[in-house]
Amino acid sequence: MMEKKGIALLLCLCILLLGSCALTKNRIAVAPPFTIISGKVTYPNNLYFPSRVRLEITLWEMDPHTRQLQMVVQQTIANPQRFPLNFTLRYEARQISLSKDYYINAVLYRQMEEEPYLKSPLVGLFLGGGQPAPVLDLSL
């Protein structure tokens, strides 16, 4: 009787172990593919650099018909120490639509302020590859 319980317990443990391996394997298989955009942000040398700032780098999607912008992904860097600053944005490739236009920009905020201190213009991107890394020039 005791042997049957031991065998049943061992069988249950094997089933659980095999099930967890299959679940882990499935998680890896369905993980979304990520793509990155790398570039740099420059700061004008003739302007005072506040000691506490936050830099927001944003990838935007624009509908070509309505011209409305929608944020795809954003990276916030608190208190960057030196410029030019390298950045990397990571986004899901399935979020990208061939029927939309894509832009990137950077905005620098001083501590406790919601109005931008400096910002870069929108820089158009072709997300299919083969494009040089974007350079975002902060200006007033």
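What you are looking at is a predicted structure, and each value in this text was computed from that prediction instead of being measured.

1. Quick word on the nonpolar core
Working step 1: Grouped together as the largest cluster of nonpolar side chains are 24 residues, with contacts concentrated most on Val41, Leu55, Ile57, Leu59 and Leu138.
Working step 2: Looking at this core, the elements with two or more residues in it are strand S1 (34-42), strand S2 (53-62), strand S3 (69-78), strand S4 (85-92) and strand S5 (101-110).
Working step 3: Once residues lying within four places of it in the same chain are set aside, the contact partners of Ile57 are Val41, Val73, Gln74, Gln75, Ile77, Phe87, Leu89, Ile104, Asn105, Ala106 and Leu136.

2. Focus: the pattern of salt bridges
Working step 1: Across all of its chains, the model carries 5 salt bridges by this definition.
Working step 2: Lys100 is paired through a salt bridge with Glu61; the nearest N and O atoms lie 3.8 Å apart. One end of the pair, Lys100, is in the loop between S4 and S5; the other, Glu61, is in strand S2, and 39 residues separate them in sequence.
Working step 3: Residue Lys100 is classed as partly exposed on the basis of its relative accessible area of 25%.
Working step 4: Classification of Glu61 as buried rests on a relative accessible area of 12%.
Working step 5: In this structure, the salt-bridge partner of Arg110 is Glu113, at a minimum N-O distance of 3.4 Å.
Working step 6: Relative accessible area serves as the criterion here: at 31%, Arg110 is assigned to the partly exposed category.

3. Details of the sheet that holds strand S8 (residues 135-137)
Working step 1: Read across the open sheet, the 3 strands follow the order S4-S1-S8; overall the sheet is mixed. Strand pairing shows two members of the sheet lacking a second neighbour, S4 and S8, which therefore form its edges. Strand-to-strand twist of the sheet, defined as the mean angle between neighbouring strand axes without regard to direction, takes the value 30°.

4. Let's talk about the environment of Asn86
Working step 1: Its location among the elements puts Asn86 in strand S4.
Working step 2: For Asn86, a relative accessible area of 62% gives the class exposed.
Working step 3: Separated by 49 residues in the primary sequence, Asn86 and Val135 have C-alpha atoms spaced 9.3 Å apart.
Working step 4: Excluding residues within four positions of it along the chain, Asn86 makes contact with Gly39 and Lys40.

5. Considering the packing of aromatic side chains
Working step 1: Per the stated rule, a full pass over the model turns up 3 aromatic pairs.
Working step 2: Between Tyr43 and Phe49 the ring centres are 5.1 Å apart and the planes differ by 85°, which places this aromatic pair in the edge-to-face class.
Working step 3: For Tyr43, a relative accessible area of 11% gives the class buried.
Working step 4: For Phe49, a relative accessible area of 27% gives the class partly exposed.
Working step 5: Of the aromatic side chains, those joined through ring pairs into one cluster are Tyr43, Phe49 and Phe83.
Working step 6: We note Arg54 situated over the ring of Tyr109; from NZ or CZ to the ring centre the distance is 4.2 Å.

Calculation notes
- Residues numbered from 1 in each chain as written.
- Predicted model: local features only at pLDDT ≥ 70, side-chain atom pairs only at ≥ 80, totals over all residues.
- Heavy atoms only, no water.
- Core = buried A, V, L, I, M, F, W, Y, C linked by side-chain atoms within 4.5 Å.
- Buried < 20%, exposed > 50% of the residue type's maximum accessible area, 1.4 Å probe, protein only.
- Helix = DSSP H or I, 4+ residues; strand = E, 2+ residues; numbered from the N terminus.
- Contact = heavy atoms within 4.5 Å.
- Salt bridge = Lys/Arg side-chain N within 4 Å of Asp/Glu carboxyl O.
- Pairing = 2+ DSSP bridges.
- Axes fitted to C-alpha atoms, helices over the stretch in contact; angles between N-to-C directions.
- Phe/Tyr/Trp six-rings, centres within 6.5 Å; stacked < 30°, edge-to-face > 60°.
- Lys NZ or Arg CZ within 6 Å of the ring centre and 35° of its normal.

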